[in-house]
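Here's the letter readout for the chains.
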Amino acid sequence: MPLRFALAPLALAASCAAPAFASEREGETAAAEAEEEASVQSATQSDPQSGPQAGSQSAPPSAGAPPPFAFAKPVFDETWATIGLGAAMVPSYAGSNDYIAFPLPLIVGRIGGVGISPNGPGFVLDLNPGKPGLTPRKGPRVAFGPAFRFRNDRNNRIRDEVVARAGKLDAALEVGGNVGVSFPGVLKPFDQLSVGVQARWDVLGAHEGMIIEPQIGYRALIGKAITLQAQVSAEFVDNNFADYYFSVDPAQAAATGLAGFRADGGLNRVGTIAILAYDLDRNPLNGGWSLTGVGGYSRLVGDSADTPFTTVRGDANQFILGAGIAYTF
């Protein structure tokens, strides 16, 4: 089952139900709360009916009362995790125009100073996540670490009977590396733009190929409860990958009635995905439950779009739509 979108991705990698970098989310939420408190105080001072009577003195705070700007300790410290589960409608195989429901498990967090985020059906480790704290990050940050992706394209649940007669393919485990740079405060004080690239190789002997995947992502807090993440990505593949998934050899042509086709590598796909996460108690700092929605579109190009598996039996336009729930602790 091909999840060819960077689900970040459920965060865009990064995270879909929790912040990719906790210190920036803490700063965003703290700033939003401080701004709201300042607005209330300003309105009270400008409205004589709502403030104290002229000439009167404000009553001093009672002993032991909490300070007006006391913030609860955030859950995002050296060790935290978001675990979730959702479902999405995805293509039956890369190039299919049939859609199936597919489970979307999620794990994202920070354990022992190492960040972890989703990577389609897989994950990425960040060996340089930075230190958590209430101060928003300043200046660019370099992220790097290993990347893992599981690919079971045309391995099961092939809805098209003709394509199914071409035979099932073996599942692949792609292992490689990820490197990226993030820039905070690009369009608004507490947003983030990231640019990165992954390179992965199949280690199970399925397609035995290489994939290079450049990515550009953007993340911003909308109000105090909603996080928007968006990503644009591309996928370049070598000849081994293209031949395994998109060629139609003589035996497959005889079994399916499709014309023979030899696929070569190159640019394989371009796409975009957006993720919205809503914190149910409108306080992202304290963890708890959140809801996530995912929507994406990608377009197969090159030989992946020209193969009879796509042109005759499927569609080069590929969509994904899903939702899920997650818990942060």
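Just above, that's the structure.
Caption draft 1: A look at the overall build of the protein chain. Across its full length, the protein chain holds six helices and 12 strands. The burial tally for the protein chain puts 46% of its 329 residues in the buried class. Working note: accessible area of the protein chain is about 15100 Å², and carbon and sulfur atoms make up 62% of it.

Caption draft 2: Structural view of the sheet that holds strand β4 (residues 122–126). Strand order around the closed barrel formed by 12 strands is β1-β2-β3-β4-β5-β6-β7-β8-β9-β10-β11-β12, with antiparallel pairing between neighbours. On average, each strand axis in the sheet is inclined to that of its neighbour by 20°, with strand direction left out of account. Along the sheet face, helix α3 (residues 239–246) touches β5 (141–151), β6 (172–184), β8 (210–222), β9 (226–237) and β10 (266–279) and points at about 95° away from the line of β9.

Caption draft 3: Layout of the environment of Gly 177. Summarising the element assignment, Gly 177 is placed in strand β6. Sequence separation between Gly 177 and Ala 199 is 22 residues; the distance between their C-alpha atoms is 5.7 Å. Contacts of Gly 177, omitting those with residues within four sequence positions, involve Gly 145, Pro 146, Ala 147, Val 197, Gln 198 and Ala 199.

Caption draft 4: Focus on the nonpolar core. Ranked by size, the top nonpolar core spans 11 residues in total: Ala 94, Leu 169, Ala 172, Ala 206, Ile 211, Val 237, Phe 241, Ala 242, Tyr 245, Phe 246 and Ala 263. If you tally residues by element for this core, the top one is α3, at four residues.

Caption draft 5: Quick look at the packing of aromatic side chains. Here the structure, examined in full by the defined rule, presents nine aromatic pairs. Look at Tyr 244 and Tyr 245: their rings are 5.1 Å apart centre to centre, the planes differ by 85°, and that puts the pair in the edge-to-face class. Judged by relative accessible area, which is 21%, Tyr 244 ranks as partly exposed. Judged by its relative accessible area of 2%, Tyr 245 falls in the buried class. For the ring pair Tyr 245 and Phe 246, a centre distance of 6.4 Å and an interplane angle of 55° mean the geometry is tilted. Exposure class is identical for Tyr 245 and Phe 246. Each is buried. Within the aromatic cluster, the residues linked to one another by ring pairs are Phe 241, Tyr 244, Tyr 245 and Phe 246. Just above the ring of Phe 309 sits the side chain of Arg 154; from NZ or CZ to the centre is 4.2 Å.

Caption draft 6: Representation of the environment of Asp 126 within the structure. With respect to the secondary-structure elements, Asp 126 resides in strand β4. Overall, the relative accessible area of 12% leaves Asp 126 in the buried class. For Asp 126 and Ile 116, which are 10 residues apart along the polypeptide, the C-alpha to C-alpha distance reads 6.2 Å. A polar contact is formed between the side chain of Asp 126 and the backbone nitrogen of Asn 128, at a distance of 2.9 Å.

Caption draft 7: Focus on the pairing of β10. Of the pairings in the sheet, the one linking β9 to β10 comprises 12 bridges and is antiparallel in character. Residue pairing across strands places Ile 226 opposite Tyr 278, the latter belonging to β10. One ladder, built from 11 bridges, connects β10 with strand β11 (residues 288–300); its direction is antiparallel. Within β11, the residue paired with Ile 273 across the bridge is Gly 296.

Caption draft 8: Expanded view of a nonpolar patch on the surface. A cluster of nonpolar side chains, contributed by Ile 83, Ile 107, Tyr 278, Leu 280, Trp 289, Leu 291, Ile 325, Tyr 327 and Phe 329, occupies part of the molecular surface with about 820 Å² of accessible area. Elements represented by at least two residues in the nonpolar patch include exactly β11 and β12 (317–328). Of note, Ile 325 is situated in strand β12. Overall, the relative accessible area of 39% leaves Ile 325 in the partly exposed class.

Caption draft 9: Quick peek at unusual backbone geometry. For Glu 208, which is not glycine, the phi torsion reads 55° and is therefore positive. Along the chain, Glu 208 falls in the loop between β7 (192–202) and β8.

Caption draft 10: Region of interest: the side chain of Asp 202. Inspection of the secondary structure assignment puts Asp 202 in strand β7. For the buried Asp 202, no salt bridge exists, and the shortest N-O distance to an oppositely charged side chain is 8.2 Å, to Arg 151. In terms of polar contacts, Asp 202 uses its side chain to reach the backbone amide nitrogen of Leu 173, at 3.4 Å. Engagement of the side chain of Asp 202 in a polar contact is seen with the backbone nitrogen of Ala 206, the distance being 2.6 Å. Residues contacting Asp 202, with those up to four places away along its chain left out, are Ala 172, Leu 173, Glu 174, His 207, Glu 208 and Gly 209.

Cut-off values and rules
- Residues numbered from 1 in each chain as written.
- Predicted model: local features only at pLDDT ≥ 70, side-chain atom pairs only at ≥ 80, totals over all residues.
- Heavy atoms only, no water.
- Helix = DSSP H or I, 4+ residues; strand = E, 2+ residues; numbered from the N terminus.
- Buried < 20%, exposed > 50% of the residue type's maximum accessible area, 1.4 Å probe, protein only.
- Areas by Shrake-Rupley, 256 points an atom, 1.4 Å probe, with all protein chains shown as cover.
- Pairing = 2+ DSSP bridges.
- Axes fitted to C-alpha atoms, helices over the stretch in contact; angles between N-to-C directions.
- Contact = heavy atoms within 4.5 Å.
- Core = buried A, V, L, I, M, F, W, Y, C linked by side-chain atoms within 4.5 Å.
- Phe/Tyr/Trp six-rings, centres within 6.5 Å; stacked < 30°, edge-to-face > 60°.
- Lys NZ or Arg CZ within 6 Å of the ring centre and 35° of its normal.
- Polar contact = N/O pair within 3.5 Å; in protein donor to acceptor, adjacent residues only side chain to side chain.
- Patch = residues over 30% accessible without salt bridge, like charges linked within 9 Å, V, L, I, M, F, W, Y side chains within 5 Å.
- Salt bridge = Lys/Arg side-chain N within 4 Å of Asp/Glu carboxyl O.
- Lys, Arg positive; Asp, Glu negative; His and termini not counted.

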